[in-house]
Amino acid sequence: MVDKKNIIKLKNISFSYPDSYQKGPSLNGTDVKVLNDLSFELNANDKIGMIAPNGSGKTTLLHIIMGLCQPDCGVVELFGEKLTKEKEFALYRPKIGLMFQDSDDQLFNPYVIDDIAFGPLNLGFSQKEALIIAREILSDLGIEDLENSIVHKLSGGQKRLVALATVLAMKPEALLLDEPTAGLDMEVKTRIEGILKNLDIAFLVVAHDFNFLKSISSRIISMTEGKVLMDDQIHIHQHEHIHKYGHDPHTHV
Amino acid sequence: MIENEELAFKDSLIHKINPCIRILLAVLLSFWVALSTDFKFISGCFVLAFVFVFLASITPNDIFKRLKPLFVFLLMIWILLPLTFEGDMVFTVFSFDISRQGIEYCAMITIKSITIILFFMSFVATMTIGVMGHAMQKLNVPQKFVFLLLMTYRYIFVIGEEYQKLFRAAKIRGFVSKTNIHSYKTYAYLAGMLFVRASMRAKRVHQAMICRGFNGQFHTIDKFSLDKLSIIFFIIVLLFMTIYQWLIVKVLIF
Ligand SMILES: Nc1ncnc2c1ncn2[C@@H]1O[C@H](COP(=O)(O)OP(=O)(O)O)[C@@H](O)[C@H]1O
Ligand SMILES: [Mg+2]
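Predicted, not measured: the structure shown is a model, and the values here were computed from it. (Residues numbered from 1 in each chain as written. Chains lettered and ligands numbered in written order. Predicted model: local features only at pLDDT ≥ 70, side-chain atom pairs only at ≥ 80, totals over all residues. Heavy atoms only, no water.)

Observations regarding the overall build of chain B
Turning to step 1, where the next piece is worked out: Assigned secondary structure in chain B consists of 9 helices and 2 strands.
Turning to step 2, where the next piece is worked out: Mapped in sequence order, the helices and strands of chain B form the string α-α-α-α-β-β-α-α-α-α-α.
Turning to step 3, where the next piece is worked out: Radius of gyration (C-alpha) of chain B: 24 Å, far over the 18 Å computed for a compact globule of 254 residues.
Turning to step 4, where the next piece is worked out: For chain B, the spread of C-alpha atoms along the three principal axes comes to 70 × 60 × 30 Å. (Helix = DSSP H or I, 4+ residues; strand = E, 2+ residues; numbered from the N terminus. Rg over C-alpha atoms; globule rule 2.2 N^0.38 Å.)

Remarks on the nonpolar core
Turning to step 1, where the next piece is worked out: One finds Leu 25, Leu 29, Phe 52, Leu 118, Phe 123 and Phe 233 of chain B to be the most contacted residues of the largest nonpolar core, which totals 58 residues.
Turning to step 2, where the next piece is worked out: Breaking this core down by element, the ones donating at least two residues are α2 (19-35), α3 (39-55), α4 (60-84), α5 (100-123), α6 (129-138), α7 (143-172), α8 (181-211) and α9 (228-253) of chain B.
Turning to step 3, where the next piece is worked out: Mapped onto the domain boundaries, this core takes at least three residues apiece from domain 1 (6-128 + 222-253) and domain 2 (142-211) of chain B.
Turning to step 4, where the next piece is worked out: Other than its neighbours up to four places away in sequence, Phe 233 of chain B contacts Leu 13, Ile 14, Ile 17, Leu 25, Phe 52 and Phe 123 of chain B.
Turning to step 5, where the next piece is worked out: In terms of nonpolar packing, the next biggest core, distinct from the first, is built from 44 residues, Met 99, Ala 165, Phe 203 and Val 205 of chain A among them. (Core = buried A, V, L, I, M, F, W, Y, C linked by side-chain atoms within 4.5 Å. Buried < 20%, exposed > 50% of the residue type's maximum accessible area, 1.4 Å probe, protein only. Domains from an automatic or database assignment. Contact = heavy atoms within 4.5 Å.)

Some points on the coordination of the magnesium ion (ligand 2)
Turning to step 1, where the next piece is worked out: Around the magnesium ion (ligand 2), the donor atoms from the protein are Thr 59 of chain A (OG1) and Gln 101 of chain A (OE1), and they sit 1.9 to 2.4 Å away. Of this pair, Thr 59 of chain A sits in helix α1 (residues 58-65) while Gln 101 of chain A sits in the loop between β6 (96-99) and α3 (103-106); the two residues are 42 residues apart in sequence, bridging distant segments of the chain. (Donors = N, O, S within 2.8 Å, 3.2 Å for Na, K, Ca; no water.)

Some words on the interface of chain A and chain B
Turning to step 1, where the next piece is worked out: The partner chain B presents 33 residues to the 34 residues of chain A that form the contact.
Turning to step 2, where the next piece is worked out: Of the roughly 3,000 Å² buried where chain A meets chain B, counting both sides, 57% is carbon and sulfur surface.
Turning to step 3, where the next piece is worked out: Summed over the three residues of chain A that lose the most area to chain B, namely Asp 105, Phe 108 and His 152 of chain A, the buried surface amounts to 21% of that side.
Turning to step 4, where the next piece is worked out: Put simply, chain A and chain B have 5 salt bridges between them. (Buried area = accessible area lost by both parts, 1.4 Å probe. Salt bridge = Lys/Arg side-chain N within 4 Å of Asp/Glu carboxyl O.)

Some details on the packing of aromatic side chains
The geometry of an aromatic ring pair is captured by two quantities: the separation of the ring centres and the angle between the planes.
All names here are of chain B.
Turning to step 1, where the next piece is worked out: Evaluation of the coordinates by the stated rule reveals 18 aromatic pairs over all chains.
Turning to step 2, where the next piece is worked out: Judged by centre distance (6.0 Å) and plane angle (55°), the ring pair of Phe 52 and Phe 119 falls under tilted. In this pair, Phe 52 is assigned in helix α3 and Phe 119 in helix α5, connecting sequence segments 67 residues apart.
Turning to step 3, where the next piece is worked out: In this structure Phe 52 comes out as buried when scored by relative accessible area, which is 4%. (Phe/Tyr/Trp six-rings, centres within 6.5 Å; stacked < 30°, edge-to-face > 60°.)

Just distances and angles here, no functional claims.
Listed below in structure tokens is the structure:
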């Protein structure tokens, strides 16, 4: 590898929600660690897929990377810089595009075009430039006809594509996608697959669809007990997944 | 009303006018009418308002639907005001004196309020709330207010859907709304849940905004250019109003 630039590095991260819902009788009143001594790395050109059960802390992991929650202990490094304070994160956040699990969280403007231009405007681009960038992204994703649509009238799939556009409009150096295909039909799934395959930036994509992840990523990781399992550790897992789906009627992408 | 915004998606002369100009006109004309005490002038504006509604290709059906709440209010005024207004007696109903001034006053209120609503219907209801927000921002309405409006417009549907989901969950398990403590409790829980979800949603929306470089300063795209048609329309309407008022004053004097 020529380019081995480190984009994201997590070292020994532990995290539990302060008002953890799970502080239940079965857990002896101790905090549940959502992330437990977790380490993870994303380098330039890495295309990583992550598959893990609900509630295993995938969303939390992505939020830790973006500095949206503070880890109890451990180190977050973005682009080689160790970050702890909100101000430091604010500097590096625009370089990493996080797409939220729920597109309704991501798209807060009434109109599509405003939402896509929001990021570039925040980055200091002029009105004209922001509009050009927004239109460019829309046509790249093949949704230029949605430019002046009202967001709450879009379908789930359209919202997801627009949400992806808002993130790509920031021209990030890495992408974090939180279940981009959840609840989508085959057509939109295939479209997102095509978009991700043509991207030349590093990404970490969380999804429940093994075939989807297999086709877009160069390696697939998982999470369990608050830790990341690297691909060599989950080789058996992968087979289990394939077989599990193999029993059910399913379509191939 | 906000549900489908059907008036906003028509195509007419009014729809082609710059939204800022339209808001400005609606506010200006409304004040003009509201402050006038000249019956002839107000009646003229009443007719003019119908011309605008026609120009905005709003159907009589749409007009009536939107005026209904006003009619209820006006009916109350018609019942109460003539009875209590001091002035020259015209006739007596059940030993109540009905005054001429009272009737005139009622008629004035009726025409004024219908006129103002028609102005807003033709100029403002013909744009979506989103466009209205952006236009207001251009007109230097405080940003916080504008974004409150825009965000409300965006999320009221999402929260509405969440309410439907919660309510369906209750209904599926046999909940029937009655006047008993169980029903009130259920509604209170629904409202509480809705509040919790809305605040959690707000947190996530804020996080998503931060991720895209938001730092407290809202930027949006300027969409509306001040075209010739809008300026000409604005000038013609104001000119017409001025000349019309001047004429009426003249006619009254001579
Ligand atoms: N805001 C929160 N407050 C308390 N607990 C939370 C919160 N968000 C998530 N959790 C808990 O943390 C765990 C991991 O959640 P999450 O990261 O969303 O998992 P995933 O995305 O893998 O489904 C879950 O058990 C969940 O209940
Ligand atoms: Mg999640």
